[in-house]
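# An overview of the molecular structure
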Amino acid sequence: MGYKHILVAVDLSSDSEVLVQKGAALAAPLGAKLSLIHIDVNYAQLYTGLIDVNLVETRNRIIDEAQSQLNALARHAEYPVAHTLVASGDLADEITESISHYGIDLVLCGHHQDFWSALISSAKQLINKTPVDMLMVPLPS
């Protein structure tokens, strides 16, 4: 079975380049599309008051910076990147929506193998909600 569209989920840390290169290496022999996604926390949902901050401007600036970093990752990939997606909200919901919208059939993401990741990993949430195959890449702590 060959994959037709691979989505690489990145957090824009230094590990992101490793994940993009792994996604490119998987997509190339299959002739599959390769797309990148970064999900940002929805800060408006976390805001509880007391601070006078223009959340819309802050959120837009954060999304613009993330899109710029994602575009840089795409330029350095050794394979053409079809889409660079930046979303805000729940990780599993946004990835599931992207799967449906873009015809994704494989999601590739990283997982840190450290103490904190064992306690608060988003991998379990993704596994329980993602309707397509997933590849979890272990990342060094």
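Residues numbered from 1 in each chain as written. Predicted model: local features only at pLDDT ≥ 70, side-chain atom pairs only at ≥ 80, totals over all residues. Heavy atoms only, no water.

The name recorded for the protein in an unreviewed UniProt entry is Universal stress protein, from Grimontia celer. A UniProt comment under Sequence similarities (unreviewed entry) is attached to the protein, and it reads "Belongs to the universal stress protein A family." Quoted verbatim from the Subcellular location (unreviewed entry) field of the UniProt record, the comment on the protein reads "Cytoplasm". (UniProt positions renumbered as here; feature names shortened; annotations may be inferred.)

## Some details on the overall build of the protein
Counting its secondary structure elements, the protein contains six helices and five strands. Going from the N terminus to the C terminus, the protein shows its helices and strands as β-α-β-α-α-β-α-β-α-α-β. Within the span of the protein, comprising 141 residues, buried residues form 37% of the whole. Residue pairs at least 24 apart in sequence account for 78% of intrachain contacts in the protein once pairs closer than 6 positions are excluded. For the protein, the computed accessible surface area is about 8,300 Å², with 54% contributed by carbon and sulfur atoms. (Helix = DSSP H or I, 4+ residues; strand = E, 2+ residues; numbered from the N terminus. Buried < 20%, exposed > 50% of the residue type's maximum accessible area, 1.4 Å probe, protein only. Contact = heavy atoms within 4.5 Å. Areas by Shrake-Rupley, 256 points an atom, 1.4 Å probe, with all protein chains shown as cover.)

## Let's talk about unusual backbone geometry
The residue Leu12 is not glycine, and still its phi comes out positive at about 70°. As for its placement among the helices and strands, Leu12 is situated in the loop between strand 1 (5-9) and helix 1 (16-30). Overall, Leu12 belongs to the buried group, its relative accessible area being 19%.

## Structural notes on helix 1
Over its 15 residues, helix 1 extends 22 Å from the first C-alpha to the last, a length consistent with the 21 Å expected when each residue adds 1.5 Å. Among the residues making up helix 1, those that are buried are Ser16, Leu19, Val20, Gly23, Ala24 and Ala27. End-on, the buried residues of helix 1 take up no more than an arc of 135°, which puts them together on one face. Along helix 1, exposed side chains directed more than 90 degrees from the buried face belong to Ala25 and Pro29. One or two steps after helix 1, the chain reaches Gly31, where phi turns positive at roughly 65°. (Expected span 1.5 Å × (residues − 1). Arc of directions from axis to C-beta.)

## Observations regarding helix 4 (residues 91-102)
Its 12 residues give helix 4 an end-to-end C-alpha distance of 16 Å, which sits within 8% of 16 Å, the value for a rise of 1.5 Å per residue. On its buried face, helix 4 is in contact with strand 1, strand 2 (33-40), strand 3 (83-88), strand 4 (106-112) and helix 6 (123-129). Sitting at the amino-terminal end of helix 4 is Asp90, which places a side-chain oxygen 3.3 Å from the backbone nitrogen of Ala92. Taken from the residues just after helix 4, Gly103 is the one with a positive phi, measuring 70°. (Polar contact = N/O pair within 3.5 Å; in protein donor to acceptor, adjacent residues only side chain to side chain.)

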